[in-house]
Amino acid sequence: MEPILKEIYQGIIDAEQDIVREKVQQALNMEMEAGKILNEAMVPAMTEVGRLFEDGEYFVPEMLVCARAMQAGMSVLKPVMVEQNLQSVGRVVAGTVKGDLHDIGKNLVCMMLEGAAFEIYDLGSDVSPDAFVDKVKNSDANVVVMSALLTTTMPNMKNTIEALKVAGVRDKVKVMVGGAPLTQKYADDIGADGYAPDASRAVALAKRLVGA
Ligand code: B1M
């Protein structure tokens, strides 16, 4: 790994928000691609944080501060990844489902979609089926993106799709799902229109679903 990427990677693991922000900016100044910084340093660092948690070396507070360091780096990357002045190709209601606070992956998906000229209505995390329904009803959205990182919260994706049906707005939107414990089979079983394993494939899927 290149030294600057190693510093970003280690900065996230050590939860050093200021260092991560500074080093990400430095890498951009060196004309390193944002996608490379993200995929070769930042995402692997969060995977390592997960491993440390599984091994009992890190606990929830450590995971939380590492997540903040990751978000600090993402805030520097975002303006670079989001290209301006592109004509909107679709409008997305996005959120992490009810009971689930993991928002880094969802934020990454939103960031990449925004960079691909989608407009984003980001409802955040712990989003109830009713909140998804309200936003779909009261906006011109044509895509719903749901994220879940916990096996225990995955069923809330199905509950949200059911709520969209009950409210009579299921046909107004394409529903995309993703998150580490998800599979294509699960997406098919709950009646989603698509599943993407990562943020870049989420962009390709969204474009395909809206015919862009
Ligand atoms: Co938690 N956590 N966590 N956690 N956490 C995991 C997910 C876990 C796998 C850790 C572990 O045990 N190894 C485990 C889940 C086990 C399971 O259910 N199978 C776990 C647990 C158990 C928990 C708690 C229950 C711990 C506790 O309290 N005892 C608790 C639950 C809280 C809650 O949500 N109600 C909890 C809490 C937390 C923190 C709050 C401390 C923090 C989250 C902070 C935040 O997000 N703001 C946290 C973190 C940081 C993690 C890990 C370490 C990292 C997650 C992450 O951000 N990854 C995670 C372990 C791991 O993933 N290795 C873990 C980086 C991110 C870029 O990847 O989110 O997978 P990811 O997103 C990817 C893809 O999945 C995909 O694209 C992204 C990248 O390209 N994607 C989509 C995601 N959403 C998509 C939507 C799409 C398409 C693609 O739509 C189309």
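These figures come from a predicted structure and were not determined experimentally.

Peer 1: What is the right way to look at the overall build of the chain in this model?
Peer 2: Per the secondary structure count, the chain includes 9 helices and 5 strands. Over its C-alpha trace the chain gives a radius of gyration of 17 Å, about what one expects of a compact globule, namely 17 Å for 212 residues. In terms of overall dimensions, the chain has a C-alpha envelope of 50 × 45 × 25 Å along the principal axes. Here the chain holds 212 residues, and the buried ones make up 46% of them. Contacts in the chain between residues far apart in sequence, at least 24 positions, make up 72% of those at least 6 positions apart. Seen as two clouds, the 21 positive and the 30 negative side-chain charges of the chain have centres 7 Å apart.

Peer 1: Honestly, the site of the ligand in this entry has me stumped. Any pointers?
Peer 2: Close to the ligand lie 34 residues; Glu 54, Leu 101, His 102, Asp 103 and Ser 147 are nearest. Ala 180 has a polar backbone atom sitting 3.1 Å from an oxygen atom of the ligand. Looking at the shell around the ligand, the elements with two or more residues in it are α3 (34-54), α4 (60-81), α5 (104-115), β3 (143-147), β4 (174-178) and α9 (199-210). It is α4 that provides the largest number of residues to the shell around the ligand, a total of 5 residues. The residue makeup of the shell around the ligand, split by class, is 21 nonpolar, 9 polar and 4 charged.

Peer 1: Is there a simple way to explain the coordination of the cobalt atom of the ligand in this structure?
Peer 2: Where a metal carries four tetrahedral donors, each ideal angle is 109.5 degrees; where it carries six octahedral donors, the ideal angles are 90 or 180 degrees. You will see that the cobalt atom of the ligand has only one donor from the protein, His 102 (NE2), lying 2.2 Å away. Structurally, the position occupied by His 102 is in the loop between β1 (90-96) and α5.

Peer 1: Could you clarify how one ought to interpret the side chain of Thr 160 in this entry?
Peer 2: Among the secondary structure elements, Thr 160 is positioned in helix α7 (residues 155-166). In contact with Thr 160, not counting residues within four places along its chain, are Pro 129, Phe 132 and Met 146.

Peer 1: Explanation requested: the packing of aromatic side chains in the structure shown.
Peer 2: The description of two aromatic rings rests on the distance between their centres and on the angle between their planes. Enumeration according to the criterion identifies 0 aromatic pairs in this entry. Positioned above the aromatic ring of Tyr 121, the side-chain terminus of Lys 135 is 4.9 Å from the ring centre.

Peer 1: I would appreciate a short explanation of the packing of helix α1 (residues 3-13) against α4 in the present structure.
Peer 2: Helix-helix packing: each pair is described by the crossing angle between the helix axes and the interaxial distance. It is at 7 Å that the axes of α1 and α4 come closest, and there the two elements cross at 140°. Residues Gly 11, Ile 12 and Ile 13 of α1 pack against Cys 66, Ala 69 and Met 70 of α4. Considering only residue class, the contact of α1 with α4 consists of 5 nonpolar, 1 polar and no charged.

Here is what the cut-offs are and how they apply
- The residue count restarts for each chain, going from 1 along the sequence in the order it is written.
- Local features are withheld for residues below a pLDDT of 70 in this predicted model, meaning they are given only at 70 or higher, and side-chain atom pairs are given and counted only at 80 or more; totals for whole chains, interfaces and linings count all residues.
- Excluding hydrogens and water, the side-chain figures rest on all heavy atoms present in the structure.
- Under the DSSP-based scheme used, a helix requires at least four consecutive residues in state H or I and a strand at least two consecutive residues in state E, with every element numbered from the N terminus.
- Just to be clear, the radius of gyration here is over C-alpha atoms, and the globule rule we use is 2.2 Å times residues to the power 0.38.
- The buried label applies to any residue whose accessible area, calculated with a 1.4 Å probe on protein chains only, is under 20% of its type's maximum; exposed applies above 50%, and partly exposed to all values in between.
- Whether two residues are in contact is decided by their heavy atoms: any pair within 4.5 Å suffices.
- Counting rule for charge: Lys and Arg are taken as positive, Asp and Glu as negative, and neither His nor the chain ends is counted.
- Where a charge lies is defined by one atom per residue type, namely NZ (Lys), CZ (Arg), CG (Asp) and CD (Glu).
- The criterion for a residue being near a molecule or strand is simple. One of its heavy atoms has to lie within 4 Å of it.
- The definition of a polar contact used here is a pair of N or O atoms within 3.5 Å, where within protein one atom must be able to donate a hydrogen and the other to accept one, and adjacent residues in sequence count solely through side-chain atom pairs.
- Here the term charged refers only to Asp, Glu, Lys and Arg, the term nonpolar to Ala, Val, Leu, Ile, Met, Phe, Trp, Tyr, Cys and Pro, and the term polar to all other amino acids, Gly among them.
- Atoms are scored as donors when they are N, O or S and lie within 2.8 Å of the metal, with 3.2 Å used for Na, K and Ca; no water is included, so coordination may look incomplete.
- Aromatic pairing here means that ring centres of Phe, Tyr or Trp (its six-membered ring) are within 6.5 Å. Orientation follows from the plane angle: under 30 degrees is stacked, over 60 is edge-to-face, and everything else is tilted.
- Either the NZ atom of lysine or the CZ atom of arginine qualifies as a charge over a ring when it sits within 6 Å of the ring centre and within 35 degrees of the ring normal.
- Interaxial angle, 0 to 180 degrees, is taken between N-to-C directions of lines fitted to C-alpha atoms, where a helix line uses only the stretch in contact.

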